[in-house]
Amino acid sequence: MQQINKEGRARAIGVSNFAPDQLLDLIINNEIVPAVNQIETHPFRQNADYQELMKGEGVQLESWGPFAEGKNGLFTNEVLAAIGEAHGKSVAQVVLRWMIQREVVVIPKSVNPDRMAQNIDVFGFELTDDEMARIADLHTGATQFFDHADPDMVRWLSARRLG
């Protein structure tokens, strides 16, 4: 990847699901610092400390699963719904705005044209410090998907990829 980058065939190098120790090992032992690390980030798993570490190393946090695939009642969460109601916005728009204000890159996935339009309509309002704090209180630290460091999960994922 570094050679491809040096040749100008890639503008940047990015990684996904790198844990802090893995990311630092990569940075320390290579010439080019990854531009981005895409990791599970949503109101229930916020990665604020890891984001600060990445920022200090020059790596941008990109959210993977910004809506937690609706798990843990994200779209019906009372805190997020109340904040959305105060702004005349949906829960999804509140989550996207929260990410943007935290300087997290977020690329929401949707095939629904109405949701796509809604997802881009997040720049005409701003969350207050109190609203940001209320969302911060939703953090549980738990994955809504699976633990990438779990050896059994790595074996299962590898078997599916190879099988």
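To keep things clear, this report deals only with the structure shown in the data block. Predicted model only: the values in this text are computed from it and were never measured.

1. As for the packing of aromatic side chains
No. 1: The tally for this structure, following the rule as stated, stands at one aromatic pair.
No. 2: A ring pair is formed by Phe67 and Phe75, whose centres lie 5.6 Å apart and whose planes are at 50°; its orientation type is tilted.

2. A look at the pairing of strand E2 (residues 36-40)
No. 1: Counting buried residues along E2, four of its five residues qualify, which places the element largely inside the surrounding structure.
No. 2: Two strands pair when backbone bridges link them, and strand E1 (residues 14-16) and E2 are joined in this way by three bridges, in the parallel orientation. Note that in E2 the partner of Gly14 across the bridge is Val36.
No. 3: In terms of handedness, the path from E1 via helix H2 (residues 20-28) over to E2 forms a crossover that is right-handed.
No. 4: Bridge count for E2 against strand E3 (residues 60-64) is five bridges, and the pairing is parallel. Bridge pairing in E3 links Val36 to Gln60.
No. 5: In the classification by handedness, the crossover that spans E2, the intervening helix H3 (residues 48-57) and the parallel E3 is right-handed.

3. Describing the environment of Val36
No. 1: Within the element layout of this structure, Val36 appears in strand E2.
No. 2: If we ignore the near neighbours within four places in the chain, the residues touching Val36 are Ile13, Gly14, Val15, Val59, Gln60 and Glu62.

4. Here we look at the sheet that holds E3
No. 1: Ordered in space as E1-E2-E3, the three strands form an open sheet in which the pairing is parallel. Of all strands in the sheet, those bounded by a partner on one side alone are E1 and E3. For this sheet, the mean angle separating the axes of adjacent strands, direction not counted, is 25°.

5. Some details on unusual backbone geometry
Residues apart from glycine generally show negative phi values, whereas peptide bonds are mostly found in trans.
No. 1: Residue Asn17 is not a glycine yet carries a positive backbone phi of 65°.
No. 2: Mapping Asn17 onto the fold places it in the loop between E1 and H2.
No. 3: Notably, Asn47 is not glycine yet its phi reads approximately 55°, a positive angle.
No. 4: The residue Asn47 is located in the loop between E2 and H3 in this model.

6. What about the pattern of salt bridges?
No. 1: Going through the model one piece at a time under the given rule, you end up with seven salt bridges.
No. 2: Measuring nitrogen to oxygen at the nearest pair gives 2.8 Å for the salt bridge that ties Lys6 to Glu31. Linking Lys6 in helix H1 (residues 2-6) with Glu31 in the loop between H2 and E2, this pair joins segments that are 25 residues apart in sequence.
No. 3: According to the relative accessible area criterion, Lys6 is partly exposed, its value standing at 48%.
No. 4: A residue is classified by how much of its surface remains accessible, and Glu31, at 61% relative accessible area, is exposed.
No. 5: The closest approach of N and O atoms between Lys55 and Glu52, which form a salt bridge, is 3.9 Å. One end of the pair, Lys55, and the other, Glu52, are both in helix H3, three residues apart, so they sit about a helical turn from each other.
No. 6: A relative accessible area of 48% places Glu52 in the partly exposed class.

7. Comments concerning the nonpolar core
No. 1: Counting residues in each nonpolar core, the largest one holds 28 residues, and the members touching the most others are Leu23, Met54, Leu74, Leu80, Leu127 and Ile135.
No. 2: Sorting the residues of this core by element identifies H2, H3, helix H4 (78-87), helix H5 (91-101) and helix H7 (129-136) as the ones contributing at least two each.
No. 3: With sequence-adjacent residues up to four places away left out, Leu127 is seen in contact with Ile83, His87, Val94, Arg97, Trp98, Gln101, Met132 and Ile135.

Conventions we followed
- Residues numbered from 1 in each chain as written.
- Predicted model: local features only at pLDDT ≥ 70, side-chain atom pairs only at ≥ 80, totals over all residues.
- Heavy atoms only, no water.
- Phe/Tyr/Trp six-rings, centres within 6.5 Å; stacked < 30°, edge-to-face > 60°.
- Buried < 20%, exposed > 50% of the residue type's maximum accessible area, 1.4 Å probe, protein only.
- Helix = DSSP H or I, 4+ residues; strand = E, 2+ residues; numbered from the N terminus.
- Pairing = 2+ DSSP bridges.
- Right-handed = clockwise from strand over helix to strand, strands pointing away.
- Contact = heavy atoms within 4.5 Å.
- Axes fitted to C-alpha atoms, helices over the stretch in contact; angles between N-to-C directions.
- Salt bridge = Lys/Arg side-chain N within 4 Å of Asp/Glu carboxyl O.
- Core = buried A, V, L, I, M, F, W, Y, C linked by side-chain atoms within 4.5 Å.

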